[in-house]
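Observations on chain architecture
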Amino acid sequence: MQRLPLDLSTFSTLRKENYLYVDKTQHAYNLITKGRRYFLSRPRRFGKSLLLSMLKELLVNNRQLFDNLWIASSDYTWHEHGMIMLDFSRFGIQDAISFDKAVCFALQEIANAYKLAVDLQGLSPEFTLHKVVQALRNRFGKVAILIDEYDNPILHAMHDIPRAEEIRNTMYRFFAAIKGLDEYVDFAFITGVSSFAKAGLFSGINNLRIITLDPLYAEICGYSQEEVDHNFSDYIEQWAGKQRQAQEGVCKEIKKWYNGYSFGAGVSGIYNPFSLMHALDKKQCDNFWFQTGTPKFLMIELEKEYRQNEYRLFDPETFRASRDILASFDVGATPLPALMFQSGYLTITEYDEARQLYKLGYPNAEVQQSMQKYLVAVFARTEIATVEKVSSDLEQALEHENIEDAVALLKRLFMHIPYQLHVKEEKFYHALLHMVCNAYGMQIVSEQSISHGRIDLVIALPKLMYVIEIKFNDTPENALNQIETMRYYEPFLKDNVRIMLLGLSFNRTEKHFDITYAYRALA
């Protein structure tokens with residue numbers, strides 16, 4: 001079998017050293033033959049750098065690397081372009097001055113590599129770019145500019161708003177210079193995690209075609225189900241053999257954990273390529289993507305008090321956003337749905353065509369579990385490891401029907417939530433309890449509708465099922481009575497498992513917090 005490119009995003013290396021490559025060259029063909037200026041936003045570790053590396057080799061006419069790929073048998077017209085490829089994540093940019101120096105140095109290296117007879121000493125990034133582009137145009141007749149991780153310098157400065165704005169303004173001038181070279185540049189492609197509004201950074205290069213939510217390019221990064229079935233069947237077969245499982249079961253588990261990203265209206269789900277390949281390599285489902293480093297800027301934003309007011313009733317299924325909102329990003333002024341969508345922690349689940357609104361939600365089990373652990377940790381002013389320990393102990397207590405210990409665990413965790421962040425509503429505690437249970441992977445369903453009502457929470461353990469009703473500043477006996485009066489337990493009687501009816505009451509005043517409970521086991 002071909003090797004999995006676990007941490008490799010250089011197209012030439014993949015092709016020369018027999019790594020597995022999922023063919024995206026038809027997308028490249030469409031980009032080059034149907035347009036000239038593009039911008040693509042995708043979450044980190046989603047294949048953007050590999051895409052640009054492939055485009056680079058295609059545009060500099062390294063035809064041998066494309067043998068047996070789709071484009072090799074197409075009618076693509078091969079032309080060698082002079083290539084300017086910049087990766088802003090590699091520059092170590094800290095401020096406007098270091099941005100100017102890094103870009104000028106990178107352009108000087110390109111000029112040296114091509115042995116261009118140009119004097120670039122003492123020039124600004126804009127004039128340096130102008131001279132290099134013109135020299136490449138004179139030599140090759142065609143020029144391409146590829147910029148990867150354009151937003152990396154700004155995102156790394158988001159904790160310091162004035163500095164982030166300074167870098168953004170400097171970058172604006174550079175992108176405006178690219179627009180000024182329009183007649184000399186035949187192809188330009190820019191990628192990043194965030195999508196700065198046209199009125200901000202990209203107003204300097206306002207002829208970009210933004211393909212982030214274009215259904216035609218929904219599969220340009222990441223893997224479709226068809227691509228997974230075609231390219232990774234041998235690895236899935238190995239996994240099934242090692243675990244002594246049916247391949248169908250392995251595929252179902254992989255899909256649950258890593259599929260579900262959607263980048264447009266009415267498009268199929270996409271697998272996270274980084275997590276999928278690491279799971280196939282280790283032959284187990286685990287949290288790979290979140291562990292590699294959650295974007296610091298996102299964590300800083302979520303920990304700000306005004307952000308907590310946005311998500312203290314955090315339920316991603318309630319988020320609705322227009323196309324403009326999802327595509328917006330600016331320093332200190334990004335709506336939470338856009339922030340979490342662009343970062344990859346929420347994705348499109350539905351599209352309301354009449355209202356032109358996207359419904360958002362978690363893409364898959366990996367992201368849901370990881371993000372909910374973090375959110376509970378932020379609320380409770382504790383560490384993720386503490387949340388994981390509480391979740392694990394909670395499951396053990398529930399399995400052994402030790403309600404007293406289970407409630408004590410929740411009380412110790414929730415009592416640290418600052419009073420101003422508590423919301424005087426049942427759904428606040430409902431959401432928190434759901435997140436704590438889900439953080440350890442418990443099988444939990446919220447707001448489950450039945451023929452004669454709606455159950456707050458159902459937790460299904462291997463030999464035991466909990467039917468839970470939650471109250472705020474009320475008695476747990478009233479909660480338990482509601483379960484019994486409404487017969488919430490009836491749909492589960494046929495499952496032949498022990499059923500526990502549990503009423504929980506969260507009681508909160510400015511100086512006091514308590515959780516009380518009442519329960520009854522069905523024989």
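This text goes with the structure placed above it.
Presented here is a report on the structure given in the accompanying data block. Since this is a predicted model, take the numbers as computed values, not measurements.

Rules behind the numbers
- Residues numbered from 1 in each chain as written.
- Predicted model: local features only at pLDDT ≥ 70, side-chain atom pairs only at ≥ 80, totals over all residues.
- Heavy atoms only, no water.
- Phe/Tyr/Trp six-rings, centres within 6.5 Å; stacked < 30°, edge-to-face > 60°.
- Helix = DSSP H or I, 4+ residues; strand = E, 2+ residues; numbered from the N terminus.
- Buried < 20%, exposed > 50% of the residue type's maximum accessible area, 1.4 Å probe, protein only.
- Lys NZ or Arg CZ within 6 Å of the ring centre and 35° of its normal.
- Pairing = 2+ DSSP bridges.
- Core = buried A, V, L, I, M, F, W, Y, C linked by side-chain atoms within 4.5 Å.
- Axes fitted to C-alpha atoms, helices over the stretch in contact; angles between N-to-C directions.
- Parallel < 35°, antiparallel > 145°, perpendicular 65-115°, else oblique.
- Contact = heavy atoms within 4.5 Å.
- Nonpolar A, V, L, I, M, F, W, Y, C, P; charged D, E, K, R; others polar.
- Polar contact = N/O pair within 3.5 Å; in protein donor to acceptor, adjacent residues only side chain to side chain.
- Left-handed = near helix turned anticlockwise from the far one by under 90°.

Attention now moves to the packing of aromatic side chains. All told, the structure shown has 32 aromatic pairs when counted by the stated rule. Ring geometry for Phe46 against Tyr261: centres 4.9 Å apart, planes inclined by 75°, an arrangement best described as edge-to-face. Of this pair, Phe46 sits in the loop between β1 (37–41) and α3 (48–59) while Tyr261 is found in the loop between α10 (247–258) and α11 (273–282), placing the two residues 215 residues apart along the sequence. Both residues of the pair, Phe46 and Tyr261, belong to the buried class. Grouped by ring-pair contacts, the aromatic residues Phe11, Tyr21, Tyr29, Phe66, Trp70, Tyr76 and Trp78 constitute a single cluster. Against the face of Tyr19 rests Arg3, its NZ or CZ located 4.2 Å from the ring centre. Above the plane of the ring of Phe263 lies Arg42, whose end atom (NZ or CZ) is 3.8 Å from the centre.

Quick look at the sheet that holds β1 now. The sheet built from five strands is open, its strands ordered β2-β3-β4-β1-β5 with parallel pairing. Every interior strand has two partners, whereas the edge strands, β2 (82–87) and β5 (209–210), have only one. Inspection of the sheet shows strand β3 (residues 143–148) paired to strand β4 (residues 187–192) by four bridges, in the parallel sense. Bridge assignment links Ile147 to a residue of β4, and that residue is Ile190.

By the element assignment, Lys424 lies in the loop between α18 (403–414) and α19 (426–439). On the basis of relative accessible area, Lys424 is assigned to the exposed category, the value being 60%. With 48 residues separating them in the primary sequence, Lys424 and Phe472 have C-alpha atoms 7.2 Å apart.

We now examine the nonpolar core. One finds Ile84, Phe88, Leu129, Ile147, Phe189, Phe414 and Tyr466 to be the most contacted residues of the largest nonpolar core, which totals 143 residues. The leading source of residues in this core is helix α16 (residues 365–380), at nine residues.

Further remarks concern the packing of α10 against α16. Here α10 crosses α16 at 45°, and the two axes come no closer than 4 Å. By the angle class used here, α10 and α16 are oblique. Two secondary-structure elements touch here, α10 through Lys256, Trp257 and Tyr258 and α16 through Ala365, Glu366 and Gln369. Its residues placed into classes, the contact of α10 with α16 shows three nonpolar, one polar and two charged.

Moving on, we come to the pairing of β1. Of all five residues in β1, five are buried, a share of seventy percent or more. Here β1 shows a buried face lined by Arg37, Phe39 and Ser41 and a second buried face lined by Tyr38 and Leu40. In this sheet, β4 lies alongside β1 in parallel orientation, the contact comprising five bridges. Note on β4: the bridge partner recorded for Arg37 is Ala188. As paired strands, β1 and β5 are joined by two bridges and run parallel to one another. Within β5, the position partnered with Tyr38 by the bridge is Arg209.

Let us look at the sheet that holds strand β8 (residues 357–361). Spatially, β6-β8-β7 is the arrangement adopted by the three strands of the open sheet, whose pairing is antiparallel. One side of each edge strand has no neighbouring strand; the edge strands of this open sheet are β6 (320–322) and β7 (347–352). With strand direction ignored, the average angle separating the axes of adjacent strands in the sheet is 40°. Examined bridge by bridge, β6 and β8 share three bridges and lie antiparallel to one another. Within β8, the position partnered with Arg320 by the bridge is Lys359.

Examined against the element boundaries, Ser446 turns out to sit in strand β9 (residues 443–450). Separated by 371 residues in sequence, Ser446 and Asp75 place their C-alpha atoms 53 Å apart. Filtering out sequence-adjacent residues up to four positions away, Ser446 remains in contact with His430, His434, Ile455, Asp456 and Leu457. Among the polar contacts made by the side chain of Ser446, one reaches the side chain of His430 at a distance of 3.2 Å. Side-chain polar atoms of Ser446 contact the side chain of His434, separated by 2.4 Å.

Bringing the packing of helix α9 (residues 233–243) against α10 into the picture now. Here α9 crosses α10 at 110°, and the two axes come no closer than 9 Å. By the criterion of interaxial angle, the relationship of α9 to α10 is roughly perpendicular. For the pair α9 and α10, the crossing hand works out as right-handed. Across the interface between the two elements, Ser233, Ile236, Glu237, Trp239 and Ala240 from α9 touch Gln247, Val250, Cys251 and Ile254 from α10.

Here the focus is the pairing of β9. Relative to strand β10 (residues 453–461), β9 runs antiparallel, the two sharing seven bridges. By the bridge assignment for β10, Gln443 is matched with Ala460. Taken together, β9 and the strand that follows it, β10, pair antiparallel across an intervening segment of two residues.

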